[in-house]
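The residues making up each chain are set out below.
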Amino acid sequence: MEEKIVQTAGRQQLGEIAPEFAHFNDDVLFGENWNNHDIDLKTRTVITVVALMAQGITDSSLKYHLENAKNHGVTRKEMVAIVTHVAFYAGWPKAWAVFNLVKEVYGEDVESLAKEVKGETEENLVQTKESYEKSIFFPVGEPNPYGKFFDGQSFLAQVSDKQVPMFNVTFEPGCRNHWHIHHAKSAGGQMLVCVGGKGFYQEWGKEPVLMTPGTVVNIPAEVKHWHGAVDNSWFSHLAIEVEGEDTSNEWLEAVSEEDYRKVNEAYNK
C-alpha cells in the first residue's frame with residue numbers, strides 16, 4: 001500500500017490568520033492532490049522540485065520538497081542530474097541556488113555530487129574551490145589583486161610577512177599567469193613550492209615542468225617564464241621572493257591558447 005501524505009503545516013502556521021488557506025494547503029493540495037495515485041510519489045516530488053526551481057523559489061519550501069524527494073527515493077545522483085538538466089531551461093543562477101540546498105539536504109559537497117553524476121574518478125575530478133581548499137594545508141585566500149595578469153581566476157593568501165615574504169597562490173583549473181620576468185641588479189628571483197593540485201612551470205624556450213605537491217622550482221632573475229594550473233585540476237604554490245638589489249616584476253604577453261593546449265595535451269598523453 002502506498003504511503004499516505006499528511007500535511008499539518010498550514011494549520012500550524014496559518015490556522016488562525018488564514019484558516020481557509022490552511023484548509024486548501026493541508027486538505028486539498030496535500031490531502032487530495034498529493035495522494036492521487038495516478039503519479040507515484042517519487043515522480044511527484046521531482047515535478048515539484050523542478051516547478052519551484054523554475055520559478056526561482058529557493059527558500060525553506062524548496063528545502064522541504066528536496067527532503068521529501070530524498071525520503072521518497074530520489075538519490076543524490078538523480079537530484080544532481082535533475083537540477084543540472086533544468087538549469088539549461090530555467091537558468092544557471094537558479095541551479096547554483098538550488099545546489100546550495102541540495103548540499104544541505106544530501107549532506108555532501110559539490111565535489112562528491114559532481115563525481116557521482118558524471119561518473120568521474122578521483123584522478124580526473126575537477127573540484128570546487130571549497131572542496132579543494134579542504135584538501136590543502138594553506139589557505140586559498142581572496143581573489144588575486146594581480147588578476148589582470150592572469151587568464152582565469154586566481155587567489156592570493158599571505159603566509160608570512162616576516163623575514164621572508166611568502167604567499168600562497170592558487171589557480172583554478174585552466175588558469176595561468178602571463179609570461180613575466182623578475183628583474184634584479186643582483187640576486188633576486190623567486191622560488192615556487194607546490195602545495196596542492198597540479199600545475200606547470202615553463203621558461204621561455206624550454207620544456208614545461210609538471211608541478212605536484214613537493215615540487216620546488218627556482219626561478220633566477222631575468223628569466224622569462226609562466227606558471228599555472230593544468231586544465232583539469234586546481235593548483236597551489238608558495239611564492240617566495242628572493243631578496244635582491246633593485247628588484248621589480250615585468251608582466252609580458254599572455255600564454256597563447258594554442259601553446260597552453262599543447263602543454264596540456266603533452267601532459268595528458
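Predicted model, so just to flag it, every value in this text is computed and none were measured.

**Student:** Provide a residue-level description of the pattern of salt bridges, including the pertinent values.
**Tutor:** Here the structure, examined in full by the defined rule, presents 12 salt bridges. The salt bridge involving Arg-11 is made with Asp-26; its shortest N-O contact spans 3.7 Å. Taken together, the residues Arg-11 in helix H1 (residues 9–14) and Asp-26 in helix H2 (residues 19–33) connect sequence positions 15 residues apart. Residue class for Arg-11 comes out partly exposed when judged on its relative accessible area of 44%. Judged by relative accessible area, Asp-26 falls into the buried class, the value being 2%. The network of salt bridges with shared partners includes Arg-11, Asp-26 and Asp-27.

**Student:** Pulling in residues and values, what's your account of the nonpolar core?
**Tutor:** Counting residues in each nonpolar core, the largest one holds 21 residues, and the members touching the most others are Met-53, Leu-62, Leu-66, Met-79, Val-83 and Val-102. Every element with two or more residues in this core is listed here: helix H3 (41–55), helix H4 (60–71), helix H5 (76–90) and helix H6 (92–106). Among all residues touching Val-83, those that are not within four sequence positions of it are Met-53, Ala-95, Val-98, Phe-99 and Val-102. Counting 15 residues, the second-largest nonpolar core is a separate cluster that includes Leu-156, Met-211, Val-217 and Ala-239.

**Student:** Which residues make up the sheet that holds strand S3 (residues 154–160), and what values go with them?
**Tutor:** Strands sit in the order S1-S3-S4-S13-S8-S11 across an open sheet of six strands; the sheet is antiparallel. Bordering the open sheet on either side are strand S1 (142–143) and strand S11 (216–219), each of which pairs with just one other strand. Sheet topology places strand S4 (residues 166–171) next to strand S13 (residues 235–241); six bridges connect them, and they run antiparallel. Bridged to Met-166 within S13 is Ile-240.

**Student:** Just give me the short version of the pairing of S11, but keep the residues and values in it.
**Tutor:** Only one face of S11 is covered, namely the face carrying Val-217 and Ile-219; the face carrying Val-216 and Asn-218 is uncovered. Pairing geometry for strand S8 (residues 190–197) and S11, over four bridges, is antiparallel. Along S11, the bridge assignment pairs Val-193 with Val-216.

**Student:** Please set out the environment of Val-169 residue by residue, giving values where relevant.
**Tutor:** In this structure, Val-169 sits in strand S4. You can call Val-169 buried: its relative accessible area is 9%. For the pair Val-169 and Val-159, spaced 10 residues apart in the sequence, the C-alpha separation amounts to 10.0 Å. Once residues lying within four places of it in the same chain are set aside, the contact partners of Val-169 are Asn-144, Phe-155, Leu-156, Phe-235, Ser-236, His-237 and Ala-239.

**Student:** Please provide a residue-by-residue account of the packing of aromatic side chains, values included.
**Tutor:** Counted under the stated rule, the structure contains 11 aromatic pairs. Here the aromatic rings of Phe-137 and Phe-138 are separated by 5.3 Å at their centres, their planes lie at 90°, and the arrangement is edge-to-face. We classify Phe-137 as exposed; its relative accessible area is 73%. Relative to Trp-251, the ring of Phe-149 has its centre 4.7 Å away and its plane inclined at 5°; by these criteria the two rings are stacked. Of this pair, Phe-149 sits in the loop between S1 and strand S2 (150–151) while Trp-251 sits in strand S15 (residues 248–251); the two residues are 102 residues apart in sequence, bridging distant segments of the chain. One aromatic cluster in this structure is built from Phe-149, Phe-150, Phe-171, Phe-235 and Trp-251.

**Student:** Quick rundown of a nonpolar patch on the surface? Include the residues and the values.
**Tutor:** Where nonpolar side chains cluster on the molecular surface, the patch consists of Phe-88, Tyr-89, Trp-92 and Trp-96 and spans about 630 Å² of accessible area. Contributing elements (two or more residues each) for the nonpolar patch: H5 and H6. The residue Trp-92 is located in helix H6 in this model. Residue class for Trp-92 comes out partly exposed when judged on its relative accessible area of 46%.

**Student:** Tell me about the packing of H5 against H6, residues and numbers included.
**Tutor:** Where H5 meets H6, the axes come as close as 8 Å, and the angle between the chain directions of the two elements is 165°. Considering their axes alone, H5 and H6 lie roughly antiparallel with respect to each other. Seen from above, H5 lies across H6 with right-handed handedness. Across from Arg-76, Met-79, Val-80, Val-83, Thr-84, Ala-87, Phe-88 and Ala-90 in H5, the residues of H6 making contact are Trp-92, Lys-94, Ala-95, Val-98, Phe-99, Val-102 and Tyr-106. Classifying every residue of the contact of H5 with H6 gives 12 nonpolar, one polar and two charged.

Reading the values: rules and limits
- Residues numbered from 1 in each chain as written.
- Predicted model: local features only at pLDDT ≥ 70, side-chain atom pairs only at ≥ 80, totals over all residues.
- Heavy atoms only, no water.
- Salt bridge = Lys/Arg side-chain N within 4 Å of Asp/Glu carboxyl O.
- Helix = DSSP H or I, 4+ residues; strand = E, 2+ residues; numbered from the N terminus.
- Buried < 20%, exposed > 50% of the residue type's maximum accessible area, 1.4 Å probe, protein only.
- Core = buried A, V, L, I, M, F, W, Y, C linked by side-chain atoms within 4.5 Å.
- Contact = heavy atoms within 4.5 Å.
- Pairing = 2+ DSSP bridges.
- Phe/Tyr/Trp six-rings, centres within 6.5 Å; stacked < 30°, edge-to-face > 60°.
- Patch = residues over 30% accessible without salt bridge, like charges linked within 9 Å, V, L, I, M, F, W, Y side chains within 5 Å.
- Areas by Shrake-Rupley, 256 points an atom, 1.4 Å probe, with all protein chains shown as cover.
- Axes fitted to C-alpha atoms, helices over the stretch in contact; angles between N-to-C directions.
- Parallel < 35°, antiparallel > 145°, perpendicular 65-115°, else oblique.
- Left-handed = near helix turned anticlockwise from the far one by under 90°.
- Nonpolar A, V, L, I, M, F, W, Y, C, P; charged D, E, K, R; others polar.

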